Amino acid sequence: MTYLGDVLTLARKDLLLELRARDTLPAMLLFVLSTLVVFHFALPAGADEVAAQGLLWVALVFTALLGLARAWAPERESSALEGLVLAPCDRSAIWLGKAAAVFVFLGAVELVALPAFGAFFSPVDAATVAGVLLASIGICAVGTLLAAMAAASRTRELVLPLLFLPLAIPLVVGGVGASVSPDPGRYLAFLALYDAIFSLLCWASFEYVVSE
Amino acid sequence: MPLGARTRTFSIGAELIEAPVIEAAALEKRYGRKRALRPLDLTLERDGFLVVTGANGSGKTTLLRLVAGLAAPTRGTLEVRAVRQGLGYLGHEALVYRDLTALENLDLYGRLYRVPERRERIGMLLERFGLWEARGERASAYSRGMLQRLALCRALLHDPELLVLDEPYTALDGEGADLLDRQLGELRGRRTVLLSTHDPARVERLATARLALS
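Every value quoted in this text rests on a predicted model; they were computed, and no experiment measured them. (Residues numbered from 1 in each chain as written. Chains lettered and ligands numbered in written order. Predicted model: local features only at pLDDT ≥ 70, side-chain atom pairs only at ≥ 80, totals over all residues.)

(A) Inspection of the overall build of chain B at higher detail. For chain B, the helix and strand inventory stands at 6 helices and 9 strands. Relative to its length of 214 residues, chain B is compact, with a C-alpha radius of gyration of 17 Å against a globular reference of 17 Å. Reported as C-alpha extents along the three principal axes, the dimensions of chain B are approximately 45 × 40 × 35 Å. Among the 214 residues that make up chain B, the fraction classed as buried is 43%. Intrachain contacts of chain B at a sequence separation of at least 6 include 74% that bridge at least 24 residues. (Helix = DSSP H or I, 4+ residues; strand = E, 2+ residues; numbered from the N terminus. Rg over C-alpha atoms; globule rule 2.2 N^0.38 Å. Buried ≥ 20, exposed ≤ 12 C-beta atoms within 10 Å, placed from the backbone. Contact = placed C-beta atoms within 7 Å.)

Structure, rendered in structure tokens:
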């Protein structure tokens, strides 16, 4: 079996676990819809469309955080992560498989959130969709690594946001820029660069996160 | 298997086949100021069966985790001449997913360990440890003893050359313990086994070496 085969095996395991337990995706969906409803009533009538675009990104980042907080929960039970670490597969495959599964969950949430945003505020354009897609890759890559680090801590619920939110700022800047700028290409390129650099860093450093 | 800066681990080559599987010198483990394992010298020959005994807190689990590569030594050297593919580890936790069935858990590990004829091997182990009838149940529905049996199946799945078993008789009923006795009897002389226990009499006939930690 190849490296990609290991990644698929691990991602498939996470999707199967979510199908069984259903304790992450429904919560994420409910959260993002609730947040958009709250924003709909919180934003004054006649407010700038640009402000609404910013709120979309706030909703997406915090929804992703909710999913990331649960990402390694199955591994914490019965110390299953030790079982994976002992397996002869490349340890980065564990991170990549998990990040792929989180990406699927976040993608499913966005499939609901973007039309809901269109209904509550204004229709989303292609640049926004591309920005959301690229930002999601960065969120999943960085967030999965940080969630693994936080999972080892007793105060994981506090540690994860403290680690994740500062690193998510460039994604929000790029995402909002892609949504509101007349020249979204620049921001999309920035997001793609962020994804490439941070995915590579996370891929290379996961080994050290799971080793003592 | 990264075991820390003072540790070297390498694959088995033809010239090393007679070398001890485990060699430790002045091996010590501390967690902050707390000493989890006193300095220890240890040699375990290939196909040997080492039984580790000692009171609670004497460092049995720490030693086994060091050998498995789940912890890094604080001082001393540890050489484990086995590749990750060739190590089977049973710890205090089952290391399985609670929301997967026994079959799904073993299939996951079988794929990651590239077990040849995976389905047959899984079926054989589930039969042997009396879990075949419960193979479709989620691990969360298993009793503590059944989980221990499943953990044994997981540790043995890839027919490891080095088996590290931390108190494997824990939670097993009489029948389960007898099954494990039979399995260990079959492995004796064919595989290297490092086993910790509070009941050394149970494995006395199998042991080729003994280590009492204090």
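Read on for the rest.
(B) Representation of the interface of chain B and chain A in the model. Taken together, the contacts link 25 residues of chain B with 21 residues of chain A. Listed by contribution, the elements that provide at least two residues to the side of chain B that touches chain A are β6 (87-90) and α2 (102-112) of chain B. Tallied by class, residues from the side of chain B that touches chain A come to 16 nonpolar, 2 polar and 7 charged. (Nonpolar A, V, L, I, M, F, W, Y, C, P; charged D, E, K, R; others polar.)

(C) Seen up close, the nonpolar core. Core analysis: the biggest nonpolar cluster contains 124 residues, and Val102 and Ala147 of chain A together with Val67, Leu150, Cys153, Val164 and Leu194 of chain B have the highest contact counts within it. Both of domain 1 (1-82 + 161-214) and domain 2 (97-159) of chain B provide at least three residues apiece to this core. Beyond its immediate chain neighbours, meaning those up to four positions away, Leu150 of chain B contacts Ala94, Val96, Ala102, Asn105, Leu131, Ala139 and Tyr142 of chain B. (Core = buried A, V, L, I, M, F, W, Y, C linked by C-beta atoms within 7 Å. Domains from an automatic or database assignment.)

(D) Spatial organisation of the domain arrangement of chain B. All names here are of chain B. Partitioning chain B into structural domains gives domain 1 (1-82 + 161-214) and domain 2 (97-159). Of note, the centres of domain 1 and domain 2, computed from C-alpha atoms alone, are 23 Å apart. Contacts between the two partners involve 10 residues from domain 1 and, on the opposite side, 9 residues from domain 2. The class makeup of the residues in the side of domain 1 that touches domain 2 is 6 nonpolar, 2 polar and 2 charged.

(E) Just the packing of helix α2 (residues 25-42) of chain A against helix α3 (residues 49-71) of chain A, in detail. Residues and elements named next belong to chain A. Put simply, α2 and α3 touch, their axes get as near as 9 Å, and they point 155 degrees apart. Between α2 and α3, the crossing angle belongs to the class labelled roughly antiparallel. As α2 packs across α3, the resulting crossing turns out to be right-handed. Note on element contacts: α3 touches α2 through Leu55, Ala59, Phe62, Thr63, Leu66 and Gly67, opposite Ala27, Met28, Phe31, Val32, Thr35, Leu36 and Phe39. Residue classes in the contact of α2 with α3 are distributed as 10 nonpolar, 3 polar and no charged. (Axes fitted to C-alpha atoms, helices over the stretch in contact; angles between N-to-C directions. Parallel < 35°, antiparallel > 145°, perpendicular 65-115°, else oblique. Left-handed = near helix turned anticlockwise from the far one by under 90°.)

(F) Expanded view of the packing of helix α7 (residues 126-151) of chain A against helix α9 (residues 184-209) of chain A. Residue and element names in this part refer to chain A. At a closest axis distance of 9 Å, the pairing of α7 and α9 adopts a crossing angle of 20 degrees. Taken as axis vectors, α7 and α9 run roughly parallel relative to one another. Crossing hand, α7 versus α9: left-handed. Per-class residue counts for the contact of α7 with α9 are 20 nonpolar, 4 polar and 1 charged.

(G) Structural view of the environment of Leu106 of chain A. All names here are of chain A. The topology assignment puts Leu106 in helix α6 (residues 91-120). Residue Leu106 is classed as buried on the basis of its C-beta count, with 26 C-beta atoms lying within 10 Å. Separated by 89 residues in the primary sequence, Leu106 and Asp195 place their C-alpha atoms 16 Å from one another. Setting aside chain neighbours within four positions, we find Leu106 in contact with Ala64, Gly67, Ser136, Ile139 and Cys140.

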